[in-house]
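Notes for the structure review
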Number of protein chains: 2
Amino acid sequence: MHKVVTVDLEKDILSENRRIAEENKKHLEDHGVVSFDFLGAIGSGKTLIIEKLVEILKAKGKRAAAIAGDVSGDDDYQRFVAHGIPAANVNTGKECHLDAHLVDHALEDLPLDSIDYLFIENVGNLVCPVDFPLGSHKRVVVISVTEGDDMVRKHPAIFAFSDVILINKIDLAKAMEVDPKILERDARRTNPGAKIILMDARHGVGLEELVKALEL
Amino acid sequence: MHKVVTVDLEKDILSENRRIAEENKKHLEDHGVVSFDFLGAIGSGKTLIIEKLVEILKAKGKRAAAIAGDVSGDDDYQRFVAHGIPAANVNTGKECHLDAHLVDHALEDLPLDSIDYLFIENVGNLVCPVDFPLGSHKRVVVISVTEGDDMVRKHPAIFAFSDVILINKIDLAKAMEVDPKILERDARRTNPGAKIILMDARHGVGLEELVKALEL
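Overview of the structure.

Parameters and conventions
Residues numbered from 1 in each chain as written. Chains lettered and ligands numbered in written order. Predicted model: local features only at pLDDT ≥ 70, side-chain atom pairs only at ≥ 80, totals over all residues. Heavy atoms only, no water. Helix = DSSP H or I, 4+ residues; strand = E, 2+ residues; numbered from the N terminus. Buried < 20%, exposed > 50% of the residue type's maximum accessible area, 1.4 Å probe, protein only. Lys, Arg positive; Asp, Glu negative; His and termini not counted. Salt bridge = Lys/Arg side-chain N within 4 Å of Asp/Glu carboxyl O. Polar contact = N/O pair within 3.5 Å; in protein donor to acceptor, adjacent residues only side chain to side chain. Contact = heavy atoms within 4.5 Å. Pairing = 2+ DSSP bridges. Phe/Tyr/Trp six-rings, centres within 6.5 Å; stacked < 30°, edge-to-face > 60°. Lys NZ or Arg CZ within 6 Å of the ring centre and 35° of its normal. Axes fitted to C-alpha atoms, helices over the stretch in contact; angles between N-to-C directions. Disulfide = S-S within 2.5 Å. Nonpolar A, V, L, I, M, F, W, Y, C, P; charged D, E, K, R; others polar. Least-squares fit on C-alpha atoms with pLDDT ≥ 70 in both.

Quick word on the side chain of Glu121 of chain B
All names here are of chain B.
- One can find Glu121 in strand β4 (residues 117-121).
- Buried charge Glu121 goes without a salt bridge, the closest partner of opposite sign being Lys46 at 4.3 Å.
- A polar side-chain atom of Glu121 sits 2.9 Å from a polar atom in the side chain of Thr47.
- When residues no more than four places from it in sequence are discounted, the contact partners of Glu121 are Phe38, Lys46, Thr47, Ile50, Ile67, Ala68, Gly69, Asp76, Phe80 and Leu98.

Spelled out as structure tokens, the structure:
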């Protein structure tokens, strides 16, 4: 009995989410905003990479905004604010992912007419966000070599779901005794169509390639 | 309407999980097995720490077994097998946590009468496992300095839920420009009763303290 209810309810939630995601995308396009959804484990470097992109866009005279998704707290939000861009903080409470409805609400708080790009930083993990598209134009998944060389094999779905795969912190590969080439190989097998970039965001390595991949 | 169904269903699932967790604990105690549930983000070092403990127990003539919980794959399971201990692999599919029922099944595959300790490695993230006790005797949460100094503030619930908090990879703190003392301070605020250990598991730092905390 319960099983049936759960399955039906889940289908319902997922299709409702997809519907709102499509609305979000159209809403953003109506305002001329291109958006990117950043996924990835805790501490993989999502916030830092978005900060770097914001600075690159500034130098080009382009305006960005960001949505910070976290279970709790406003650390990432404050980092975006410190970069002088419009930002919205979304705390999911107990949920391990953003959904299209939460993003819809966050869009209400952002000045869509005065921005060119929107970065959406999802809650940090490689499992939950997979079933919940948000309406962004491209999905970017970030992993770091400090997480070990088995990350892709452990979470194939999120890599299949993403357009760009960033393998970050390659400067720490030797200290961690992790070979980034293994992560790259597994990522390519899981999603042959994705753009894969080896990165050291802290020191600027791979950023130019990412700018090109996102057509910024 | 849907909202109501969801809430009731959730309560049902959680209380059913707690009931089975209590059964698991009793089942383990009936066989004289002490068990530990290892939580923590992807790549924080859970598997390596369990491997180190297994070797320490071996040297003391004690026998351990392990349950490897992952969304997909058997990397961690194979690591436990390589250490010559009985192990069970649990793939959760799309779920971002183990639950007591999955552990109950895994226990069927383990020779409980011939082991002293059971290590349960949960799916790697800091959000989902919070609502699902498994029946272990102590919960150990592992974070790493490579995840940034805001980890505790972002996920207070899992730190409040744990008996031992391990702050791992302190050897990389300088390279990551992260101060482990901030993580320690936040952890102590969130859970003043927990045992907090600064650790560099790869090089053996903090292991002795952990052995003491778990009374191995």
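Topic: the pairing of strand β5 (residues 138-144) of chain A
All names here are of chain A.
- Burial of β5 is extensive: six of the seven residues sit out of reach of the surface.
- Relative to β5, strand β1 (residues 34-40) is paired through five bridges, and the arrangement is parallel. The residue of β5 that forms the bridge with Phe36 is Lys138.
- Where β5 lies against strand β6 (residues 164-168), five bridges are found, and the strand directions are parallel.

Quick notes on the packing of aromatic side chains
- Scanning the model with the defined rule gives six aromatic pairs over all chains in all.
- Seen from their ring centres, Phe38 of chain B and Phe119 of chain B are 6.0 Å apart, and the 70° between their planes marks the pair as edge-to-face. Here the residue Phe38 of chain B occupies a position in strand β1 (residues 34-40), and Phe119 of chain B occupies one in strand β4, the gap between them amounting to 81 residues. As far as burial versus exposure is concerned, Phe38 of chain B and Phe119 of chain B are alike and both buried.
- Cation over ring: Arg139 of chain A sits above Phe161 of chain A, and NZ or CZ is 3.5 Å from the ring centre.

Here we look at the sheet that holds β4 of chain B
Residues and elements named next belong to chain B.
- In space, the seven strands of this open sheet follow the order β3-β2-β4-β1-β5-β6-β7, with parallel pairing throughout. Two strands bound the open sheet, and with one partner strand each, they are β3 (87-91) and β7 (195-198). Averaged over all neighbouring strand pairs, the angle between strand axes comes to 20°, with direction disregarded.

Things to note about the state of the cysteines
Residues and elements named next belong to chain A.
- For the structure on display, the rule yields two disulfides over all chains.
- A sulfur-sulfur distance of 2.2 Å marks the disulfide that ties Cys96 to Cys128. Of note, the bridge from Cys96 to Cys128 carries an S-S torsion of about -95° and is left-handed in sense. Linking Cys96 in the loop between β3 (87-91) and α4 (100-108) with Cys128 in the loop between β4 (117-121) and β5, this pair joins segments that are 32 residues apart in sequence. Taken individually, Cys96 and Cys128 each receive the classification buried, so the pair is uniform in this respect.

Digging into unusual backbone geometry
- You will see that Glu177 of chain A, though not glycine, has its phi angle at about 55°, which is positive.
- Residue position: Glu177 of chain A is located in the loop between α7 (173-176) and α8 (180-190).
- The residue Glu215 of chain B is not glycine, and still its phi comes out positive at about 55°.
- Inspection of the secondary structure assignment puts Glu215 of chain B in the segment after α9 (207-213).

Some points on the interface of chain B and chain A
- The partner chain A presents 35 residues to the 35 residues of chain B that form the contact.
- Applying the counting criterion to the chain B and chain A interface returns ten salt bridges.
- Between Arg153 of chain A and Asp75 of chain B there is a salt bridge whose closest N-O contact spans 2.5 Å.
- One can count nine residue pairs in polar contact (both at pLDDT 80 or more) joining chain B with chain A.
- At five residues, helix α1 (residues 2-30) of chain B tops the list of elements feeding residues into the side of chain B that touches chain A.
- For the side of chain B that touches chain A, the residue count by class is 13 nonpolar, eight polar and 14 charged.

Focus: the relation of the copies chain B and chain A
- Placing chain B over chain A gives an RMSD of 0.0 Å and needs a rotation angle of 180°, together with 0.0 Å of translation along the axis. When the rotation and shift are considered jointly, the pair of chain copies conforms to a two-fold rotation axis. Minimal C-alpha distance to the rotation axis in chain B is attained by Asn125 of chain B, lying at 3.0 Å.
- When the interface residues of chain B are mapped onto chain A, 100% of them are again interface residues, pointing to one common binding face.

Concerning the pattern of salt bridges
Residues and elements named next belong to chain A.
- Inspection of the entire model under this criterion finds 38 salt bridges over all chains.
- Where Asp149 meets Arg153, a salt bridge forms, and the shortest distance between an N and an O atom there is 3.8 Å.
- When its relative accessible area of 25% is taken as the criterion, Asp149 is described as partly exposed.
- For the salt bridge of Glu184 with Arg188, the shortest nitrogen-to-oxygen distance reads 3.5 Å. Here Glu184 and its partner Arg188 are both found in helix α8, four residues apart, which amounts to about one turn of the helix.
- For Arg188, a relative accessible area of 40% puts it in the partly exposed group.

Here we look at the sheet that holds strand β7 (residues 195-198) of chain A
All names here are of chain A.
- The strand order across the open sheet formed by seven strands is β3-β2-β4-β1-β5-β6-β7, and the pairing between neighbours is parallel. Both outer strands of the open sheet, β3 and β7, are each paired with one neighbouring strand and no more. Within the sheet, the average angular offset between the axes of one strand and its neighbour, ignoring direction, is 20°.
- Sheet strands touched by helix α2 (residues 46-59): β1, β2 (64-70), β4, β5 and β6. Its angle to β4, the strand with the most contacts, is close to 170°.

All quantities given are derived from atomic positions and should not be read as evidence of function.
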